[in-house]
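Residue-level structural notes
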Amino acid sequence: MLTEIQFNLYLERHGLSLETREYLIAIRNQQASRMVGAHAKSNISSWFFSEKMGRTISTEIRTAERAFVVIKEYDKSVLEIWDQPEHVPIQKRNKKGVSGTTWYTPDFLMLTRSGPVVVEVKDSNAIEKLLKSSPSNWAERSDGKVTYLPAKEYFDSIGLKFEVWIASKELRYQVFNMEMTLRARNYEKSDLPKEKLDAAFEESFFWSLHDLKNRLEIGEYTAIIQAIDSGDLFFDCNSSLFSAPKGCFVVRQENLLQYINEFLGPKIYEDGFLSPISISELPSSAYAQKALLRLEKIKNDEIGRSVRRWKSLVKKGAAEGLSEFQSLIPKWFLAGNRKRKINTVVDTFLINYLLGCHAESQGLSQYRSYIQYRVDAQKAHPVYPPVAKTTFNRRLRAIPPELIARKRGGKRSGNAAAAPSDALERQLKAEIAWQRAAIDHYLADIYLIFFDSGGAPHAMRPWVTAMVDLATGCVLAFSISFLNPSKKSCAKVMRDCVRRHGLLPKEIIVDRGAEFKSVYFSALLAHSKIELVLRPAAHSRYGGEVEGLFGEFKKQWLTQRPGNLADYKEARSVDGKLAPKKHAVLTAFDFFREFEAFISWRDSNPRGVEVEAPRVRLATHMRDYPFVAVAQKFDNEYVLATAVDSKKYKVDPQRGLHIGGMWYWSPEIKSFGSMKAAVEVRVDPENPHTVFALIDNSWCPCYSSRINRYSALNAISQKVEGLIAVEAFGERQKVKQEADEEAVRIIRQLSEESKSSSTSHVIEFESYDEIDSQSEMSVFDGLKSADIRPLEAEAWEVKHVW
């Protein structure tokens, strides 16, 4: 990113107009003009951390905008990238060609070495539709480039270049490799051994990444990828992947890349190899059998009108370059009258009924809907009969199922019924460990004891938060909480990952829960230069990796543990005395150990078609691609960064800070003297005996009196104490309140029993403070003159803790 001096020199060097300068300065001095992903339906929004800019760049669509950002981040001629710049007024034309003023927000502003450029990003499919639907606004130039005329007219008027950048599926390999190169570029620089490299290319003009690594006797691919980035080695970035090192070939001269395939065996499949084939070119079994029968009759010199017609087809096909077999394939698929036979009135009413009454009636079966349609149709158009049930069903199948499902069950139901996207149009999934991970929550189907009074245990259902690596399927971290998903849950799972590995994923994909969309979580990821990715809301096809983990835990593990709710129907049908909550025997300590054992067992089992267990693949990728993960130390700074934002608390100069049920103290509190000031406090999400107070412009740790004992506990016990002391505090207070109420009942019962038998008395006498200091009267002497009155237990009061 340019400094202020460099930016001013940039403006002078390119001779920009005053209006253009003001527009650029306004963009650089304010936040993005809008929040991306606010109305996302099926696209994935993300916040890419740009090393070039030192900040995150928001992208609305992964296949288009994010691909653009990655490519421009890699491009050294691009100096700055600004997302969602200031909106501008443009003259947009409607379908009738009439112009009207509307506001337009470009996707990006780039400062390149050749000058500033305003960019609109679209994918190729969207461009095709826009060129057809809005030719007065979108046009294709003679050089094949597409432009958005209203935006171009405005920016031309202020002296700014405007262009449309088109993303296509052919870029997905290039984008993936550039992301890997960017990670290697920011990793510690490594040089390849020159003598061994020269000897290797003396033996062969091309090497695979896998073989070259072994030939050079190096332990990872970092140095090779850095050599490619610096231009010392070359590879085909549009058809090879760094994540498939045995199929990624490098050369020392770029013009040699075209000759590699001559020395390799043929592949089963290459990108773009397959395409739809007409049945006339490759018939079905029935068509082929008919063609062979016709061919046999011709060869047997049979006589007849059909044979003469078939011979004519053979001659016509030969002129078109078809074989005899292809020429005789039947054209049955062209048969049939495709004109509409249903009256327009009947057809219009049918479509309106299907999109209206049928689509909006929850639980209405297809048969009952047809009967209802017949009744309504007879009333709407008595002259024409209703359509048959076959036609009704065929027209219903022609309507996109997601349209009806959305009307009946809302967004989630509609997304579940929608057809999947074209696999060839998607961006590549995570291929290497630590490239991308997902975080999600699960309300465990089991009860855990948080307090045992010696009788019936008091139990709660825990929430499990897990982080799963999407490339290997390994569980990177997890946390357990008694509270609903919140910022604390996010902080705890991030801490667990750092403590276990000293690493964090480059991308974290999450749903659109409030805790994940919070400023706290975004700032926490930005602190470690991690990309935040939001998957579409209410879309069941996303997040399956973490949901799969929870499903396995529920079916394969929890069903064998007491106090579980894994079989929900069975749990609802049992008597109250046999309810799972009454039979909870697992403590939080047990549950921590068992979930740890489960993920260890799960990550050692086969998954998919891989020949290595998930934990083995994770270790292999960490060794071969050490630059992918984000290194993060678990130090004072990260502990403070993951401390949850809280509010201001008043300081008691004698006792410190009172938060929850505990007092916290730090020697720095003495600086307030006798003044009761309010300080900003951040609460540790795991350690119940530590908070951080902002005192004299420093975050000072404040401890409770039990901090020394807490330090001596093992790791699981420390986590459990945080659960019980903080997250189960509210439930424990309810138990205490019930106990206080029971104490009142017991006292009153004892008082009533005492009245029925004999009365207890209490003795009242003067306190020693009221006796003359010179008197040496003993307590026994005082008893001689003391007043005696009955004890009235009913007047006692118990202070409740609410």
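Criteria and cut-off values
- Residues numbered from 1 in each chain as written.
- Predicted model: local features only at pLDDT ≥ 70, side-chain atom pairs only at ≥ 80, totals over all residues.
- Heavy atoms only, no water.
- Core = buried A, V, L, I, M, F, W, Y, C linked by side-chain atoms within 4.5 Å.
- Buried < 20%, exposed > 50% of the residue type's maximum accessible area, 1.4 Å probe, protein only.
- Helix = DSSP H or I, 4+ residues; strand = E, 2+ residues; numbered from the N terminus.
- Contact = heavy atoms within 4.5 Å.
- Expected span 1.5 Å × (residues − 1).
- Phe/Tyr/Trp six-rings, centres within 6.5 Å; stacked < 30°, edge-to-face > 60°.
- Pairing = 2+ DSSP bridges.
- Axes fitted to C-alpha atoms, helices over the stretch in contact; angles between N-to-C directions.

1. A few points about the nonpolar core
Leu212, Trp434, Met467, Met494 and Ile508 are the most contacted members of the largest nonpolar core, which has 62 residues in total. Considering every element that reaches this core, the biggest residue donor is helix α17 (residues 487-501), with 6 residues. The contacts of Trp434, once residues within four sequence positions are left out, are Asp469, Leu476, Cys497, His501, Leu503, Leu504, Pro505, Lys506, Leu618, Met622, Val628 and Ala629. In terms of nonpolar packing, the next biggest core, distinct from the first, is built from 49 residues, Val88, Val118, Val119 and Val164 among them.

2. Overview of helix α19 (residues 544-556)
Counting along an α-helix, one turn takes 3.6 residues, and residues three or four places apart therefore face a common direction. When the terminal C-alpha atoms of α19 are compared, their 17 Å separation across 13 residues agrees well with the 18 Å that a helix rising 1.5 Å per residue should span. If you follow the buried residues of α19, they end up packed against β13 (436-443), β16 (463-469), β17 (475-481) and α21 (588-602).

3. Some details on the packing of aromatic side chains
On inspection of all chains with the given rule, the structure shows 33 aromatic pairs. Here Tyr154 and Phe155 contribute two aromatic rings whose centre-to-centre distance is 5.3 Å and whose plane-to-plane angle is 85°, an arrangement assigned as edge-to-face. Ring centres 4.9 Å apart and planes at 20° place the aromatic pair Tyr442 and Phe550 in the stacked group. Here Phe550 lies in helix α19 and Tyr442 lies in strand β13, a separation of 108 residues in the sequence. Judged by its relative accessible area of 11%, Tyr442 is buried. By way of ring pairs, the aromatic residues Phe478, Phe553, Trp557, Phe591, Phe592, Phe595, Phe598 and Trp601 are connected into one cluster.

4. Here's the deal with the sheet that holds strand β3 (residues 78-83)
Read from one edge of the open sheet, 4 strands run β3-β6-β7-β10, paired in mixed fashion. In this open sheet, the two edge strands, each paired with only one partner strand, are β3 and β10 (161-167). On average, adjacent strands in this sheet sit at an angle of 30° to one another, irrespective of strand direction. Packing of helix α3 (residues 62-74) onto the sheet brings it into contact with β3, β6 (108-112), β7 (115-123) and β10, and relative to β10 it is tilted by some 115°. Its contacts with the sheet place helix α4 (residues 124-133) against β7 and β10, and it is angled at close to 85° to β7.

5. A closer look at the sheet that holds strand β20 (residues 531-534)
Sheet strands line up and pair through hydrogen bonds in the backbone, either parallel or antiparallel. Reading across from one edge, β2-β1-β20-β19-β13-β16-β17 is the order of the 7 strands in this open sheet, with mixed pairing throughout. Two strands close off the open sheet at either side, each with one partner strand: β2 (55-59) and β17. Taken over all neighbouring pairs, the strand axes of this sheet differ in orientation by 20° on average, direction set aside. In this sheet, β16 lies alongside β13 in antiparallel orientation, the contact comprising 7 bridges. By the bridge assignment, Tyr442 is partnered in β16 with Val464. Of the strands in this sheet, β13, β16 and β17 touch α19, which is tilted by about 45° from β13.

6. Remarks on the side chain of Lys213
Here Lys213 shows up in helix α8 (residues 209-216). Overall, Lys213 belongs to the buried group, its relative accessible area being 9%. The contact partners of Lys213, leaving out residues within four places of it in the chain, are Ile218, Gly219, Glu220, Tyr221, Ile224 and Asp624.

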